[in-house]
Amino acid sequence: MNLSEEINKIPIIKAITSAAEENHVEVFMVGGIVRDILLKRNRNDLDFLVIGNSLEFAEKVAKKLGISKVTKYKNFGTAHFKYGELNIEFVGARKESYNRNSRKPVVENGTFEDDIRRRDFTINAMAISLNKNSFGELIDSFNGYQDLLNKLIRTPLDPFQTFDDDPLRIMRAFRFAAQLEFDVDESILKAAKEMKERLRIVSQERITDEFIKILASPKPSIGLKLLFDTEVLEIIFPEIHNLAGVDQRQDYHHKDVFLHTLIVVDNISQVTDNVWLRFAALVHDIAKPQTKKFVEGIGWTFHGHEELGARMMKNIFHRMKLPMNKLEYVEKLIRLHLRPIALAKEEVTDSAIRRLIVQAGEDLQDLITLCRADITSKNPQKVEKYLANYEAVMKKVLEVREKDKLRAFQSPVRGEEIMRICNLKPSKKVGEIKKAIEEAILDGIIENNYEAALEYLMRIKDDYLKDDEKK
Ligand code: ATP
Ligand code: MG
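Residues numbered from 1 in each chain as written. Chains lettered and ligands numbered in written order. Predicted model: local features only at pLDDT ≥ 70, side-chain atom pairs only at ≥ 80, totals over all residues. Heavy atoms only, no water.

## Some thoughts on the overall build of the chain
Now for step 1: Tallying secondary structure elements over the chain gives 25 helices and 15 strands in all.
Now for step 2: The C-alpha atoms of the chain give 32 Å as radius of gyration, which overshoots the globular expectation for 471 residues (23 Å, by more than 25%).
Now for step 3: Evaluated residue by residue, the chain yields a buried proportion of 49% over its 471 residues.
Now for step 4: Restricting to contacts in the chain with at least 6 residues of sequence separation, those with at least 24 account for 65%.
Now for step 5: Here the chain contributes 75 positive and 75 negative side-chain charges, whose respective centroids are spaced 3 Å apart. (Helix = DSSP H or I, 4+ residues; strand = E, 2+ residues; numbered from the N terminus. Rg over C-alpha atoms; globule rule 2.2 N^0.38 Å. Buried < 20%, exposed > 50% of the residue type's maximum accessible area, 1.4 Å probe, protein only. Contact = heavy atoms within 4.5 Å. Lys, Arg positive; Asp, Glu negative; His and termini not counted. Charge placed at Lys NZ, Arg CZ, Asp CG, Glu CD.)

Put into structure tokens, the structure is as follows:
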């Protein structure tokens, strides 16, 4: 397959090919960019494999493009610069060998084949030649193109070896599956399950990074299910793993909280890209296993799971090295996730609504988004009813906000005018009358304008003044 047409569209290609000719080095486009060109996905990260001195070569290309800032990592043989929006990276061909106690390989200079063989998945192990005699040719040593067509993640070599060398690839397999909505090969599932303990040699940051990418993908349940099925989830996020399972006693069984959670996460991912809101959806019921109780005549209850769940977050954030500035947000959403439904009742007071407004603060809309995603009933009537309940709560919120906004305002008829019209000296009475006008506005008896307020004053003033005379 020849892809010259596609790659000629990329602005820096000319500079690369002419630098390659002048310096007599071979250059290839490799990895994610090749995959994404074939998938017609847009991307800004372009990786080039250089057979020869990659650092020198990067300098030459940068010079041709008029770029002076090239970041070089001598140890890794990589060089990087930005060209507009594009991130351009040059890597020298490498050969890797692994030590069992670390996922960091021993690296030596290698050939093109060495470099392609060390790559994680067949769809990431394709290259496009940028060399004169084969310009644009796809080099696909492991049938990655066929796997792209089949939407399949597969390893070039035996997955046991691949994962043993670098266990992070287990996470990467599931991450690519979720991002691209691909299947993973049966052999990967088997190897992942068997090798899962090896993930313990991988740094938490790397694992969390891949986990968050899964959450940020279009349908996170694809990755979460793979993590669960291979029991990798038990290692990287046991609290979520433990949500699975159904208990039954007498005629009562509760729903499988893990399966429910997957639906909630997918639901919310259709309406938000905010990965921390998605994370909150993932953990909103996290304390259900600990709070589960069977109550005779009622069934299963999970009292206090929202509070306990919120309290579990601090440890989890520490352990998983999640960004601490998101902790409060996630805690808040877990803590409040049952509140809106409780406030949907007809007779709820303004002060209960006001408490929600104050506690949720600027995250109220996100809370409602979570609540809506939390509806996983298969009964359309129920779904409609629940959604209507949230509408009703938001309507009340708006009403209370409107009232409170007014409360901050003053009566359109000011104190001096009240004193003049009622012939009063500055006194408590003036305040009472003013308050009465304000209350009438808040209660919706009169409109919030000067004429209505003045008219209302004329109507009530005698009552207030008469009152005074009696005393
Ligand atoms: P993304 O779009 O997420 O950046 P990518 O394919 O570019 O996807 P990177 O992590 O940026 O992924 O890595 C670039 C390339 O390097 C991959 O396509 C793959 O060929 C190779 N690679 C990266 N990490 C590994 C690894 N842990 N093991 C083997 N090969 C890897
Ligand atoms: Mg990349």
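## Quick notes on the pattern of salt bridges
Now for step 1: For the structure on display, the rule yields 31 salt bridges.
Now for step 2: In this structure, the salt-bridge partner of D462 is K461, at a minimum N-O distance of 3.7 Å.
Now for step 3: A relative accessible area of 48% places D462 in the partly exposed class. (Salt bridge = Lys/Arg side-chain N within 4 Å of Asp/Glu carboxyl O.)

## Structural notes on the environment of G223
Now for step 1: Structurally, the position occupied by G223 is in helix α11 (residues 221-229).
Now for step 2: For the pair G223 and V246, spaced 23 residues apart in the sequence, the C-alpha separation amounts to 22 Å.
Now for step 3: Dropping the residues within four chain positions of it, G223 is found in contact with F174, A178 and I214.

## Focus: the domain arrangement of the chain
Now for step 1: Here the chain is partitioned into domain 1 (4-148), domain 2 (151-236), domain 3 (338-409) and domain 4 (415-470).
Now for step 2: A separation of 79 Å is found between the C-alpha centroids of domain 1 and domain 4. (Domains from an automatic or database assignment.)

## Examining the nonpolar core
Now for step 1: Core analysis: the biggest nonpolar cluster contains 121 residues, and F48, F174, F211, I236, F237 and F279 have the highest contact counts within it.
Now for step 2: Here this core takes nine residues from helix α8 (residues 168-180), the largest share from any one element.
Now for step 3: If sequence neighbours within four positions are ignored, F211 has contacts with M171, L224, L227, L233, I236, F237, L282 and M320.
Now for step 4: Of all hydrophobic cores here, the second largest spans 17 residues; its members include L424, I433, A440 and L457. (Core = buried A, V, L, I, M, F, W, Y, C linked by side-chain atoms within 4.5 Å.)

## Concerning the packing of aromatic side chains
Now for step 1: Tallied over the full model, the rule gives twelve aromatic pairs.
Now for step 2: Taken together, a centroid distance of 6.2 Å and an interplanar angle of 25° make the contact between F237 and F279 stacked. Linking F237 in the loop between α12 (232-236) and α13 (238-241) with F279 in helix α15 (residues 275-283), this pair joins segments that are 42 residues apart in sequence. No difference in accessibility class separates F237 from F279, as the two residues are buried.
Now for step 3: A network of ring pairs unites the aromatic residues F211, F237, W276, F279 and F317 as a single cluster.
Now for step 4: We note R175 situated over the ring of F176; from NZ or CZ to the ring centre the distance is 4.2 Å.
Now for step 5: The residue whose ring lies beneath K288 is F302, and the NZ or CZ to ring-centre distance is 4.5 Å. (Phe/Tyr/Trp six-rings, centres within 6.5 Å; stacked < 30°, edge-to-face > 60°. Lys NZ or Arg CZ within 6 Å of the ring centre and 35° of its normal.)

## Observations regarding unusual backbone geometry
Now for step 1: Even without being a glycine, N143 presents a positive backbone phi close to 60°.
Now for step 2: With respect to the helices and strands, the residue N143 is situated in the loop between β9 (138-139) and α6 (144-150).
Now for step 3: Not every positive phi belongs to a glycine, and N423 is a case in point at roughly 55°.

## A closer look at the site of ligand 1
Now for step 1: Surveying the vicinity of ligand 1 reveals 15 residues, the closest of which are R35, D166, R169, R172 and R175.
Now for step 2: Between ligand 1 and the protein, one listed contact pairs an oxygen atom with a backbone N or O atom of N124 at 3.0 Å.
Now for step 3: R172 is positioned with one of its side-chain polar atoms (N or O) 2.8 Å from an oxygen atom of ligand 1.
Now for step 4: Protein contacts shield 77% of the accessible area of ligand 1, which totals 580 Å² for the unbound molecule.
Now for step 5: Of all elements in the fold, only α3 (32-38) and α8 reach the threshold of two or more residues within the shell around ligand 1.
Now for step 6: At four residues, α8 tops the list of elements feeding residues into the shell around ligand 1.
Now for step 7: A class-by-class count of the residues in the shell around ligand 1 yields one nonpolar, three polar and eleven charged. (Near = heavy atom within 4 Å. Polar contact = N/O pair within 3.5 Å; in protein donor to acceptor, adjacent residues only side chain to side chain. Areas by Shrake-Rupley, 256 points an atom, 1.4 Å probe, with all protein chains shown as cover. Nonpolar A, V, L, I, M, F, W, Y, C, P; charged D, E, K, R; others polar.)

## A look at the packing of helix α2 (residues 13-23) against helix α4 (residues 54-65)
Now for step 1: α4 packs onto α2 with a crossing angle of 130° between their chain directions and a minimal axis gap of 9 Å. By the criterion of interaxial angle, the relationship of α2 to α4 is oblique. Regarding α2 and α4, the two cross each other, and that crossing is right-handed. Residues A15, I16, S18, A19, A20, E22 and N23 of α2 pack against F57, K60, V61, K64 and L65 of α4.
Now for step 2: For the contact of α2 with α4, the class distribution of residues is seven nonpolar, two polar and three charged. (Axes fitted to C-alpha atoms, helices over the stretch in contact; angles between N-to-C directions. Parallel < 35°, antiparallel > 145°, perpendicular 65-115°, else oblique. Left-handed = near helix turned anticlockwise from the far one by under 90°.)

## A short note on the side chain of H260
Now for step 1: Within the secondary structure, H260 is located in helix α14 (residues 257-269).
Now for step 2: At a separation of 2.9 Å, a polar atom in the side chain of H260 contacts the side chain of T376.

## Describing helix α18 (residues 327-336)
Now for step 1: With eight of ten residues buried, α18 is to be regarded as a mostly interior element.
Now for step 2: Every buried residue of α18 is accounted for by L327, Y329, V330, E331, K332, L333, I334 and L336.
Now for step 3: In this fold, the buried residues of α18 make contact with α15, α17 (305-320), α19 (339-342), α20 (350-360) and α21 (364-373).

## Focus on α4
Now for step 1: Spanning twelve residues, α4 covers 16 Å between terminal C-alpha atoms, matching the ideal 16 Å at 1.5 Å per step.
Now for step 2: Those residues of α4 that sit buried are S54, L55, F57, A58, V61 and A62. Buried residues of α4, viewed axially, fall in a sector of 160°; they line one side.
Now for step 3: Residue N53 occupies the N-cap position of α4, its side-chain oxygen lying 3.0 Å from the main-chain nitrogen of L55.
Now for step 4: Immediately downstream of α4, the backbone of G66 shows phi near 75°, a positive value. (Expected span 1.5 Å × (residues − 1). Arc of directions from axis to C-beta.)

## Looking at the side chain of E331
Now for step 1: Inspection of the secondary structure assignment puts E331 in helix α18.
Now for step 2: Within the buried set, E331 has no salt-bridge partner at all; the shortest N-O distance to an opposite charge, 5.0 Å, is to R335.
Now for step 3: In this view, E331 contacts A310, M313 and K314; residues no more than four positions away in its chain are not counted.

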